[in-house]
Amino acid sequence: MKTKITVGIDNIPSDGLKQEWGLSFFIEYDDKRILLDTGGSDLFLRNYGKLGIDINDVDYGVLSHAHCDHANGIPAFFEHNSKAKFYVSENTAPDCYGQILFVRFYCGIPKTMLDDYSDRIVKVSDIYKITDGVYIVPHKKGGYPEIGKKGHMLRKTKSGFVPDDLCHEQSLVLETDRGLVILNSCSHSGPGIIIDEVRKAFPNKNIYGYLGGLHLWNSPESDIRKYAHVFRKEGIKYIGTGHCTKNRAFRILKEELGDMIEQFRTGMVVEI
């Protein structure tokens, strides 16, 4: 089965398409059309329109995690698509914040989104089959507050601000002729944890590809090279990355992984 993935939003522009800090994929899988994330605004609509992609054709929408640069376009999506459900983690809530020095700022989903579109939003709590060959693998428990603390990511609770444990992050997994393909737009939990979760969900399946940002834009070189080691160790054959990986980390990963890895740009098409 041939799978075609079009990058509608990324940090790098191309072919007259505009960029922003965010990520969005349009996935053609058999006769189904899937949208993963919407970037940080309604820009994804204009870019996909220039590519000849009609958002009203989308059958399923998926949110990778509850951050604004992936979710802010969801209201615009609902205005232009009358049929698709949008699948989010059950732990998605308007409670995500970032912190720079002593300044906290909101960086979560549109604050009224869950209420405004409650009839279109599906909350996922466990491995979820969207349609044949297409699955969501959530972080069922989260449990990675040390990663949130390191990345200056917070969640606002009744008891105050706590490090984000990433319980709202989930992966879209596709069965392809070459094996499973994981799409996780920021990989905040780290590819090792994410790949391990997918292996546990599909113990008898080979994992071929990994697509998404790797959140390495401000990471030390040693951490970047560790990520490359994880991909080699796990036997991943193709990595497509962009957005929060950024150019410096990509160059280091390219040194380590060679032709295994490719850098996203807006309008890029990946066929598997």
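Anything mentioned here points back to the structure above.
Basis of the calculations
Residues numbered from 1 in each chain as written. Predicted model: local features only at pLDDT ≥ 70, side-chain atom pairs only at ≥ 80, totals over all residues. Heavy atoms only, no water. Salt bridge = Lys/Arg side-chain N within 4 Å of Asp/Glu carboxyl O. Helix = DSSP H or I, 4+ residues; strand = E, 2+ residues; numbered from the N terminus. Buried < 20%, exposed > 50% of the residue type's maximum accessible area, 1.4 Å probe, protein only. Expected span 1.5 Å × (residues − 1). Arc of directions from axis to C-beta. 1 Å grid on protein atoms, 1.4 Å probe; cavity = no way out; pocket = protein on both sides within 12 Å on 5 of 7 lines; lining within 4 Å. Points joined across faces, edges and corners; volume = space filled by probe spheres on them. Nonpolar A, V, L, I, M, F, W, Y, C, P; charged D, E, K, R; others polar. Patch = residues over 30% accessible without salt bridge, like charges linked within 9 Å, V, L, I, M, F, W, Y side chains within 5 Å. Areas by Shrake-Rupley, 256 points an atom, 1.4 Å probe, with all protein chains shown as cover. Phe/Tyr/Trp six-rings, centres within 6.5 Å; stacked < 30°, edge-to-face > 60°. Pairing = 2+ DSSP bridges. Right-handed = clockwise from strand over helix to strand, strands pointing away. Axes fitted to C-alpha atoms, helices over the stretch in contact; angles between N-to-C directions. Contact = heavy atoms within 4.5 Å.

Enquirer: Just to check I follow, could you spell out the pattern of salt bridges for this structure?
Expert: One side chain can pair with another of opposite charge once the charged atoms of both are near each other. Counted under the stated rule, the structure contains 14 salt bridges. A salt bridge links Asp 59 to Lys 83, with the shortest nitrogen-to-oxygen separation between them at 3.4 Å. Of this pair, Asp 59 sits in the loop between helix H1 (43-50) and strand E4 (60-62) while Lys 83 is found in the loop between helix H3 (74-80) and strand E5 (85-89), placing the two residues 24 residues apart along the sequence. What makes Asp 59 partly exposed here is its relative accessible area of 22%. What makes Lys 83 partly exposed here is its relative accessible area of 47%. Between Arg 232 and Glu 256 there is a salt bridge, and its shortest N-O distance comes to 3.2 Å. Here Glu 256 lies in helix H8 (residues 246-257) and Arg 232 lies in helix H7 (residues 221-233), a separation of 24 residues in the sequence.

Enquirer: How do you make sense of H7 when you look at a structure like this?
Expert: Residues spaced three or four apart along an α-helix face the same direction, because each turn holds 3.6 residues. With 13 residues, H7 extends 18 Å between its outermost C-alpha atoms, agreeing within 8% with the 18 Å of an ideal straight helix rising 1.5 Å per residue. For H7, the set of buried residues is Asp 223, Ile 224, Tyr 227, Ala 228 and Phe 231. Summarising the axial view, the buried residues of H7 lie within an arc of 150°, below the 170-degree limit, and thus occupy one face. Turned more than 90 degrees from where H7 packs its buried face, Lys 226 and Lys 233 sit exposed. Immediately downstream of H7, the backbone of Gly 235 shows phi near 75°, a positive value.

Enquirer: Before we go on, may I ask you to explain unusual backbone geometry in this structure?
Expert: One can expect most non-glycine residues to show negative phi and most peptide bonds to be in trans. Despite not being glycine, Asp 15 shows a phi value in the positive range, around 55°. Within the secondary structure, Asp 15 is located in the loop between strand E1 (3-9) and strand E2 (24-29). The exposure class of Asp 15 is exposed, given its relative accessible area of 72%.

Enquirer: It is not clear to me how the layout of surface pockets should be interpreted in this structure. Could you clarify?
Expert: Any empty space left between atoms is shown by rolling a water-sized probe over those atoms. Looking at the largest pocket, its volume works out to about 950 Å³. Residue lining of the largest pocket: 37 residues in total, with Gly 151, Met 153, His 188, His 215 and Trp 217 positioned closest to the centre. Those elements that place two or more of their residues in the lining of the largest pocket are helix H2 (68-71), strand E6 (96-100), helix H5 (145-150), helix H6 (191-201) and H7. Across the lining of the largest pocket, the residue classes break down as 18 nonpolar, 14 polar and five charged.

Enquirer: Looking at this model, I keep getting lost on a nonpolar patch on the surface. Mind explaining?
Expert: A cluster of nonpolar side chains, contributed by Ile 100, Leu 101, Phe 102 and Phe 105, occupies part of the molecular surface with about 530 Å² of accessible area. By the element assignment, Phe 105 lies in strand E7 (residues 103-106). Looking at Phe 105, the relative accessible area reads 36%, which means it is partly exposed.

Enquirer: Looking at this model, I keep getting lost on the packing of aromatic side chains. Mind explaining?
Expert: Any aromatic ring pair is given by two values, namely how distant the centres are and how the planes are angled relative to each other. Taken as a whole, this structure holds 14 aromatic pairs when the rule is applied. Ring geometry for Trp 21 against Trp 217: centres 6.5 Å apart, planes inclined by 85°, an arrangement best described as edge-to-face. Taken together, the residues Trp 21 in the loop between E1 and E2 and Trp 217 in the loop between strand E15 (207-211) and H7 connect sequence positions 196 residues apart. On the accessibility criterion, Trp 21 (38% relative accessible area) is partly exposed.

Enquirer: Which parts of the structure should I look at to understand the pairing of strand E3 (residues 32-36)?
Expert: Across a regular strand the side chains alternate sides, sitting on one face of the sheet and then on the other. As defined by bridge partners, E2 adjoins E3 across five bridges and the pair is classed as antiparallel. Of the residues in E3, the one forming a bridge with Phe 26 is Leu 35. Joining the antiparallel neighbours E2 and E3 is a turn of two residues, in which Asp 30 adopts a positive phi near 55°. By the bridge criterion, three bridges tie E3 to E4 in an arrangement that is parallel. Along E4, the bridge assignment pairs Leu 36 with Val 62. A crossover links E3 with its parallel partner E4, the connecting element being H1, and its sense is right-handed.

Enquirer: Explanation requested: the sheet that holds strand E9 (residues 128-131) in the structure shown.
Expert: Two modes of strand pairing occur in sheets, parallel and antiparallel, and in both the strands are linked by backbone hydrogen bonds. Taken in spatial order, the seven strands make up an open sheet running E9-E10-E13-E14-E15-E16-E17, and their pairing is mixed. Unpaired on one side and paired on the other, E9 and strand E17 (261-263) mark the two borders of the sheet. In this sheet, adjacent strand axes meet at a mean angle of 20° when their direction is disregarded. Here H8 sits on the sheet in contact with strand E16 (238-241) and E17, set at roughly 155° to E17.

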